[in-house]
Amino acid sequence: MITIHLSMDSAAVAVGAEAVAATILAETKSRSIDVTLVRTGSRGMHWLEPLVEIDVGDGRKAFGPISPDDVPSLFEGNFNSSHPTALGSVDEIEFFADQQRMIFSRCGITDPISLLDYGQHGGFEGLKAASKMSASEIVDAVMTSGLRGRGGAAFPAGIKWKTVLSAEADQKYIVCNADEGDSGTFADRMIMEGDPFLLIEGMIIAGLGVEASKGYIYLRSEYPVAQRVLTRAIEIARTDGLLGEAFDIEVFMGAGAYICGEETSLLESLEGKRGQVRAKPPLPALEGLNGRPTLVHNVISLCSVPSILAEGGQWYRDLGMGRSTGTMPFQLAGNIKRGGLFEAPFGVTLHDLVHKYGGGTLSGRPVRAVQVGGPLGAYLPASMLDTPMDYEAFQKIGAGVGHGGIVVFDDTVDLAAQAKYAFDFCAIESCGKCTPCRIGAVRGSEVMAKVMKGEDNVANLALVEDLCEVMEDGSLCAMGGMTPIPVMSAMKHFREDFISEEESK
Amino acid sequence: MTLHKNEDFGTPEARSSESVTLEVDGNSVSVPKGTSLMRAAKEAGISIPKLCATDSVEAFGSCRMCLVEVEGKNGTPSSCTTPAQDGMVVKTQTDRLAKLRRGVMELYISDHPLDCLTCPTNGDCELQDMAGAVGLRDVRYGYAGENHLDLKKDESTPYFTYDPSKCIVCSRCVRACDEVQGTLALTIEGRGFSSRVATGAEDFFNSECVSCGACVQACPTATLSENSLIEHGVPERSVETTCAYCGVGCSFKAELKGDQVIRMMPSKDGKANHGHSCVKGRFAFGYASHKDRITKPMIRDTIDAPWQEVSWDDAIAFAAKRLKATQAKYGKKSIGGITSSRCTNEEVWLVQKMIRAAFGNNNVDTCARVCHSPTGYGLKQTFGTSAGTQDFDSVEEADVIMVIGSNPTDAHPVFASQMKKRLREGAKLIVIDPRKIDLVRSPHIEAAHHLPLQPGTNVAVINALAHVIVSEELIDEGFVAERCESDAFEDWKSFILDPVNSPESVAEIAGIDAEEIRAAARLYAGAGNAAIYYGLGVTEHSQGSTMVMGMANLTMLTGNIGRRGVGLNPMRGQNNVQGSCDMGSFPHEFSGYRPVSDETVRTGFQEAWGVELDGEPGFRIPNMFDEACADNFMGIYVQGEDIAQSDPNIQHVEAALKNMECVIVQDLFLNETARFAHVFLPGTSFLEKDGTFINAERRLGRVRKVMKPKTGMEEWEVTAELSKAMGYPMPYESAAEIMDEIAALTPTFAGVSFERLDTGGSIQWPCNEAAPDGTPVMHVDEFVRGKGLFVVTEYIPTEEKTNRKFPLILTTGRILSQYNVGAQTRRTENNQWMEKDVLEIHSSDAEARGIREGDWISIRSRKGETTLAAMISDRMTPGVVYTTFHHPESGTNVITTELSDWATSCPEYKVTAVQVAPANHKSEWQRHYEETAALHTKIAPFGGEAAE
C-alpha cells in the first residue's frame, strides 16, 4: 500500500496542487495500483510546493516542487530517489531540520480532520492535563509560561487570562482573532488549514481557564479553505463530544477589512456592526463581546496553549530568550529564495532567517531592506539584520517582531515608494473614525507623492515628520498609530531615496 | 449648535456614590467615580478643546483634540474616554499637546470649505472655535488634495439641511440618533476617508428619520443646520418657555431675532425632556404666524352671514349681550363653557371662574372629558387623587415596563426616547394593544410579550392578569396587608378568582393566547420594579374607568406603587390637560378635585370671590350637546377646543351647535366649531402667552412671551373683560396674580408662584408645606385616601358589537407629525409627512374586499359614513382597522358613536363597528362639508364688505 501525502493548503493550491492531485488520481486509476492520496496541511517550505511525500512502506520521502508533468515519471520510477525532484526525508532538509516545531508539529504530516491522527500525534495532551486542573491553576500555567500575544501586541497572555477569570458575568467569551491581515504572513492560515484541532483544543482549554462557554473564530473572508476545514473540524469535534453545551465554537466570517484584525473593531464586526475601533477603556477582557468579559487571542497564541498545559509553564518559559519565551513561527516571504514557515524559539537572528534558511533574495540581487511585522513594521537595512528575533531586542532598534512576518526586498526597492505605500495602505484600510488616520493617511500619501516627484523635499519631509508625530501620538488605534513606523524607518535608514545630499543642505 | 452655549461637559454625568479626587492643571477637583477626565476638568473650570464629545451622548474618542498628559503614564490619552482616578495628575495644556492639537486641526481644515464668512453657522461653529483655540495658522498640505467639497446637499426634509461637504465625521449626529432619540436612522457609510453620514435610504426624508432634530442640535458644524437658521442667520436672544404640543411638556429656549422665532432649542436642564425634543416642538412653530391666523375679533348675527371684523369692545359687548339674553330666555343654567387644555392655567382659571361667578352655574367642562376623565375617576376611587404617580425619570429604574393602549413613540416621542433607552439597557417590555405599535419591535428593542387584544376587551385582559397573579400566589402580601383596605381586597380577591377571569376564558374573548397572558402576568409580578404606562386605548372605552381601576388593582396587588421605577402613569395628551383639570374645569369639581357640592369648599370660594356659587353639578360636554338639542343649553363659550372635529358623533355635535343661540369661540384659527359661532375672539399662541402649563408628570412649567400678542390683548384679559361685561369684574394686573389666587385657593398648589418657578425651575404638585419642593413620586408612605382601595372590575362587553353588517372594528389615534385636530401642525411643513388621514387595514381584510394600497374606501358605521384612502398595514390585526383625526375633511368622527364610559361619559372612540368597501365618491357629509367650507370662513374686514 502506497500513501501519497499532498498539501491542500492555499499556498500549495496557488501553485497548482489541485492539478497535481488530479493527475495523481488519474495515474493511480490508469495503473490500477493501490495508492491512497492523503491531503494534508503544508510543511511550510513554499519553494518546494506542490510537495508530495510518498511512503511505499519505509517512511515518507519528499519530492517537490511537482508539476502535473512530473507525475507520470514519478510513478514510472516507482517513486525512487533518482527522480530529479527527489528531496529525501523532509527531516533532512536544513530549513526544516533546524526548526523546533511545537505548534506546527503535525502540520503537513497528519490528515487535518482526522481526530485519530491528531490523538496519535500528541494531540489532546494539553486538554487532558487541563481537565484535571482548576481554572486558576490553568491560568497560573499560562502566567508562568510567559506566553505573549502572537498577533503583534506581545501582551503577556497570562494577565489577560487572569483578568477575564476574575471578572464576574453571566457569560464570558473566547474570541480567536483569525483575521491575519498582515502582508507576508500565513502562519494562522497554515495551522487552521493544516491542524485545526490544535486551535480547537487551545480554545477549549482557554474556556476552562476563564470559565467561558462560547468561542468564536473571527476568520477573514479571504481564507475560504480555512473556513471549510475549520467548520468540518468543529462538526467532528461536536459529534465526538469535545464541543457542546459546556463549550462550543462558531466560525464567523469577516468581510475584507484589515482593521477588523484590531480587537475592538473585530468585536464590533462580530456584533454585526461597522468594524469601527472602540476607545479603551473599557478593556475587552472586562467589557468585550456583547459587553461581556472576553479573552481575545491570536490563532498562534491559542495554539501555543496545549503545549503549555501538556509540558508545563516552566518548560515553555525555558524556551526562547529573555522575556520572549516559547517558539514563534516566523514567516519568510517577499523577494526570498526559500520562503516558508520557520518555527523556532526566540533568539534566532534575522540574518540567519533571511540568509541561512531563506537563502537570500529570489532575484539573486543583494538584500537591501527587510520589513518585519507586517505593513506597520519597520524597514530594516541589511546592516541591522544581526538582531536576534526577540521582542525587546527589536524594540531597542525601533522595530517590532509583530506576528512574525518577514518580507525581503532587494536593491531595486524604492523606499520612498514604500513609505508612500504605508500611507496608501493606511488610507485604504482605515476605519475612518479618528482624524489623524482618516485624513492623515491621505495627506501623507499626497505629500509623499510630491516628495517622489522632487517637489520641495525639505519642507515636505519636515511635514511628513510632523504628520507622523500626529498620527503616532494622536491616533485611536495602532492602524494610524503605527503607520509612522515604516515611514520613519524608511526615512531614517534609507534617506537617500527621499532626498539628495545637496537638497538636504 | 445652540445660541447660548450651555456649559457642555463633554461626557454624560456619572452616577456613583463613590468619589475620586484628582489634579487638573494644578487644580484639585473631586468627581463621582466613572467621570471622564474631560468632565472633571470642566468641573474645575477648565475647557479642554473638543469636537466629537458632547455631554448628551457617551464618549467616542474620534476627533483626538482632547488629548491630555497624565503623570506617570506614557502617551497622550483622550480625556473624554479616560475615567478619572484617585490621585491622577493631569495636564491639559503643554507644548506637546498644543502641537498635536494644531496638527489634528490642520488635517481637518485641509478637507473643509473655507467659506466661514458666508456659512450659516458663522459665529456658532465649534470647528471655528477650536481652530481659533489651537492657534491654527497654516494648512501646509494645501487645498489641492482629495476632499469632499463637491458633495451635494440633502434638502429633502422640510426643516433642516444636510451638507456633507462640511462634515467632520465626529459621529455626534449618529450617536444622538442612537442614544438620545433611539431611532438609529443614521450611520456612517463608507470606510476611511470616504466616511460620510448616511441614512440608509436615498435621503433624509425617505429614511427612518423622524425629524426630531437631535442630530442638528448635536452637530458642531454647519453640516446639519436648521433651514430657518440658514435663511435668517444666527439668533440674538432667547426666552425660556414650555412647548404647547403634547403632555411631555418639553422645556425650550425660543431663540429669536427681534420677535421672530428662528429656532426652538430644547433646554438641557428641562426636567421633562433633558435637552431633547420632537419634530413638532422643535420645528413646527410656524403656525403662530400663518396667514390663516385671525387677529381681529369678529361677530355675526347668524351663522349663515359672513363674519364682520369689529373692535374688542364691540365684540365683548355683543357677546355679553347675547349670553345675558340667552340666560333671560332659557334660564340661568342655559349657558356655559368649555375650557381649553392647550391654554395656560391662568387663562383656564379665569374661564371656569367666569362661568361660576359671572354665569352663576357649574356648566364648565374640558377636553379631558373625551380623553382621560376615566383616569380622574379611576385613580380617585382607588388611590384618592386623580394624578399620575411618578415623574418621567422614574422609568430609568423600571425593570418591567407595561404599555397599555398607548403609542408613546408617536404621541409622547420625547418620553418614548427615554423609555427606549431604558429598554435598550435591558428592561423588559409588555405591550397590550390591538396594533403592533412601533415599540413592539424596533432597533434593539423587542417586546417580551405583545398581547394584540380585540378592542373593547381591556377589562377582561387586566382581570386575567390579576387572576394569574392571585392564583399563582405572586401577590406582594406585605404591601397589600399594610397599605390597602383588607375588606375590599378580600371581596376583590374572591371575585378575581372566578374562572370567568382566567386566562383560558379571557383568551377566547380577547383573541389572544392564554399562555402569553400567563407569561406576561408572571413577568409583571416577578419584576423588581414594574411600571404601567397607559393612554387613550384604556380610557376611551365604555369601561374606561373600570380599566383604570383594574390597573390600579394590579399595581397594589404587586406592590408596584409608591417609589421610583414603578407606578401607574397616564400619558396625558395635551400640553395643559392636566392643568385644565387641576384648575377645576369640571361641572362637579372645583380646583384640586374638590366637589362643588361640598359646602366647606364652596364657602371658601364664595368668600374669596365675593359671590354666591351654585352647589349643583353642571353639564358635562356630552350633556351640553344633548341639552342643546332639547333647547335647554343654548349658549357656550368655547376656549381653544374644536369640538366639531374632535368629539365623537359629529352630526350630533353639529346639530347641537346649530341649535344654540350664542356660540363664542376663542381660538387662533377659524376651526370647525367656528362654523357655528356667532362670536370669534382671537386667541394667542404659546409664543404670546405668559403663564404656566402642567404636563403629564404634574409638573408646572413656565410659559413666557417671546412677542406681544398679535391680537392686541392677552387671552386672560379677554376673558376678564367678558366677565366684567357679564357683571363680574376681574381686576387682575398680571398672570402672576392669577397664579397667586390659584395657590391661595388650591391646597395642592399652595407653594406655587411665578417667582418660585422663575427662580427654582419647574415643580411637580402637590407643592405646599408638606412638600415644599414638590412631589416627584406619590403615595410613598400612604395613599392620598389613606389605604388603597381594591375595586371589583367585572368585564361588561361594550354595546357596540360587530355583526354581519359591520364586521370590523375601527379604532382611532394619532401619529407623530400631526397633532390632534391638526389646527397647528396642518399649518406647518409637517403636512409633508402626512397630508391626509388614511385608513390602516390588514392585508387579509383588504384582499377580501378587493382593496389595494391607496384605493378610496368608504367606512360606514351605524352613525355615518366617510371616505378615506386605504393603507395596507401589517401592524393591524385582521378585523381591526385604524385611522387618525388630524384633518377635518376626513370626517373621522362622523362615524364614531355616542357610547361612552359609564362613570365619566368619556366617548368610546376606540370601538366602532364598521364595514369597509371600495368607494368612488366622498360621503354625503364630506360633500356637504366641502360645499359649505367657503361659506363659513367669509370675513368682512373692519368696517368693510365681506371678501370671498
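The structure this text deals with has already been given above.
This is a predicted model, so every value here is computed, not measured.

### Topic: the overall build of chain A
From N to C terminus, chain A includes 23 helices and 16 strands. The globule rule puts the C-alpha radius of gyration for 505 residues at 23 Å, and the 23 Å found for chain A is close to it. For chain A, with 505 residues in total, the buried portion stands at 60%. Taking as baseline every contact in chain A between residues at least 6 positions apart, the subset at least 24 positions apart corresponds to 71%.

### With respect to the pattern of salt bridges
With the rule as written, the count across this model stands at 84 salt bridges over all chains. Close ionic contact of Glu-688 of chain B with Arg-293 of chain B constitutes a salt bridge, the shortest N to O distance being 2.9 Å. With Glu-688 of chain B in the loop between strand S27 (679–682) and strand S28 (691–694) and Arg-293 of chain B in the loop between helix H7 (279–283) and strand S12 (298–299), the pair connects residues that are 395 residues apart, well separated along the chain. For the residue pair Glu-688 of chain B and Arg-293 of chain B, the accessibility class agrees, reading buried in each case. A salt bridge links Arg-422 of chain B to Asp-399 of chain B, with the nearest nitrogen and oxygen atoms 3.6 Å apart. Of the two residues, Arg-422 of chain B is situated in helix H12 (residues 413–424) and Asp-399 of chain B in the loop between helix H10 (373–382) and strand S16 (400–404); the sequence distance between them amounts to 23 residues. Its relative accessible area of 15% is what places Arg-422 of chain B among the buried residues. Judged by its relative accessible area of 31%, Asp-399 of chain B is partly exposed. Each member of the salt-bridge network shares a partner with another, and the members are Asp-466 and Glu-469 of chain A together with Lys-99, Glu-106 and Arg-140 of chain B.

### Let's talk about the interface of chain B and chain A
At the junction of the two partners, chain B supplies 32 residues and chain A supplies 32 residues. Of the roughly 2,800 Å² buried between chain B and chain A on both sides combined, carbon and sulfur atoms contribute 55%. Area buried by chain B at its contact with chain A is led by Leu-107, Tyr-141 and Arg-191 of chain B, which between them contribute 25% of it. Our count for the chain B to chain A interface comes out at five salt bridges. A salt bridge links Asp-473 of chain A to Arg-96 of chain B; the nearest nitrogen and oxygen atoms lie 3.1 Å apart. At the level of elements, helix H2 (95–109) and strand S6 (187–189) of chain B are the ones that each hand at least two residues to the side of chain B that touches chain A. Tallied by class, residues from the side of chain B that touches chain A come to 13 nonpolar, 11 polar and eight charged.

### What about helix H16 (residues 503–510) of chain B?
Residues spaced three or four apart along an α-helix point in a common direction, a consequence of the helix completing one turn every 3.6 residues. All names here are of chain B. Listed in full, the buried residues belonging to H16 are Pro-503, Val-506, Ala-507 and Ala-510. Seen along its axis, H16 keeps its buried residues to an arc of 110°; they face one direction. Tucked inside the fold, the buried residues of H16 contact helix H13 (458–471) and helix H17 (514–526). A positive phi of about 75° marks Gly-511, the residue just after H16.

### Quick notes on the sheet that holds strand S7 (residues 214–219) of chain A
Residues and elements named next belong to chain A. Reading across the sheet, the four strands line up as S8-S7-S6-S9 and stay open at both edges, with parallel pairing between neighbours. The open sheet has two edge strands, strand S8 (248–253) and strand S9 (294–298), and neither has a second partner. Neighbour to neighbour, the strand axes of the sheet diverge by 20° on average, direction disregarded. Both strand S6 (residues 173–178) and S9 contribute to a ladder of five bridges, which runs parallel. By the bridge assignment, Val-175 is partnered in S9 with Val-296. Contacting S6, S7, S8 and S9, helix H10 (residues 196–210) crosses the sheet at an angle of about 145° to S6.

### Details of the sheet that holds strand S14 (residues 367–372) of chain A
Residues and elements named next belong to chain A. Taken in spatial order, the five strands make up an open sheet running S13-S12-S16-S14-S15, and their pairing is mixed. Edge positions in the sheet fall to strand S13 (340–345) and strand S15 (379–381), since each has one partner strand and no second. Ignoring strand direction, the axes of neighbouring strands in this sheet form an average angle of 30°. Bridge count for S14 against strand S16 (residues 405–410) is five bridges, and the pairing is antiparallel. Residue pairing in the sheet places Val-372 in a bridge with Ile-406 of S16. Strands in contact with helix H22 (residues 484–493) are S14 and S15; relative to S15, the strand with the most contacts, it is inclined by about 20°.

### Focus on the side chain of Thr-221 of chain B
All names here are of chain B. Topologically, Thr-221 is positioned in the loop between helix H5 (214–218) and strand S8 (224–226). Of the residues examined, Thr-221 reaches a relative accessible area of 3% and is grouped as buried. Of note is the side chain of Thr-221, whose polar atom sits 2.8 Å from the side chain of Thr-223. If we skip the residues at most four places from it in the chain, Thr-221 touches Thr-121, Cys-125, Leu-127, Lys-166 and Ile-168.

### Looking at the pairing of strand S10 (residues 251–257) of chain B
Residues and elements named next belong to chain B. Within S10, six of the seven residues are buried, which leaves the element mostly enclosed by the surrounding structure. Direction of pairing for strand S9 (residues 237–242) relative to S10: antiparallel, over a ladder of six bridges. If you follow Val-239 over to S10, its bridge partner there is Ala-254. Bridge count between S10 and strand S11 (residues 260–266): six bridges; the pairing is antiparallel. Of the residues in S11, the one forming a bridge with Lys-257 is Gln-260. Connecting the antiparallel pair S10 and S11 is a turn made up of two residues, with Gly-258 showing a positive phi of about 65°.

### What to know about helix H12 (residues 263–270) of chain A
Residue and element names in this part refer to chain A. The buried fraction of H12 amounts to eight of the eight residues, a majority that puts the element mostly inside the structure. Listed as buried for H12 are Glu-263, Thr-264, Ser-265, Leu-266, Leu-267, Glu-268, Ser-269 and Leu-270. Summarising the contacts, the buried residues of H12 are in contact with helix H8 (157–166), S6, S7, S8 and S9. Just downstream of H12, Gly-272 is the residue with a positive phi angle, here 90°.

### A closer look at empty space enclosed by the protein
All names here are of chain B. On inspection of all chains with the given rule, the structure shows 14 cavities of 30 Å³ or more. In this structure, the second largest cavity occupies an estimated 90 Å³ of space. Lining the second largest cavity, in full, are Cys-177, Gln-181, Ala-185, Leu-186, Phe-204, Cys-209, Val-210, Ser-211, Cys-212, Gly-213, Ala-214 and Cys-215. Taken together, the residues of the lining of the second largest cavity sort by class into nine nonpolar, three polar and no charged.

### So, the packing of aromatic side chains
All names here are of chain B. For the structure shown, the criterion picks out 38 aromatic pairs over all chains. A centroid spacing of 5.3 Å and a plane angle of 85° characterise the contact between Phe-160 and Phe-204, whose relative ring orientation is edge-to-face. Taken together, the positions of Phe-160 in strand S5 (residues 160–162) and Phe-204 in the loop between strand S7 (196–198) and H5 put the pair 44 residues apart, joining distant regions of the chain. By relative accessible area, Phe-160 is classed as buried at 0%. The class of Phe-204 is buried, set by a relative accessible area of 3%. A ring pair is formed by Phe-619 and Phe-633, whose centres lie 5.8 Å apart and whose planes are at 85°; its orientation type is edge-to-face.

Thresholds applied
- Residues numbered from 1 in each chain as written.
- Chains lettered and ligands numbered in written order.
- Predicted model: local features only at pLDDT ≥ 70, side-chain atom pairs only at ≥ 80, totals over all residues.
- Heavy atoms only, no water.
- Helix = DSSP H or I, 4+ residues; strand = E, 2+ residues; numbered from the N terminus.
- Rg over C-alpha atoms; globule rule 2.2 N^0.38 Å.
- Buried < 20%, exposed > 50% of the residue type's maximum accessible area, 1.4 Å probe, protein only.
- Contact = heavy atoms within 4.5 Å.
- Salt bridge = Lys/Arg side-chain N within 4 Å of Asp/Glu carboxyl O.
- Buried area = accessible area lost by both parts, 1.4 Å probe.
- Nonpolar A, V, L, I, M, F, W, Y, C, P; charged D, E, K, R; others polar.
- Arc of directions from axis to C-beta.
- Pairing = 2+ DSSP bridges.
- Axes fitted to C-alpha atoms, helices over the stretch in contact; angles between N-to-C directions.
- Polar contact = N/O pair within 3.5 Å; in protein donor to acceptor, adjacent residues only side chain to side chain.
- 1 Å grid on protein atoms, 1.4 Å probe; cavity = no way out; pocket = protein on both sides within 12 Å on 5 of 7 lines; lining within 4 Å.
- Points joined across faces, edges and corners; volume = space filled by probe spheres on them.
- Phe/Tyr/Trp six-rings, centres within 6.5 Å; stacked < 30°, edge-to-face > 60°.

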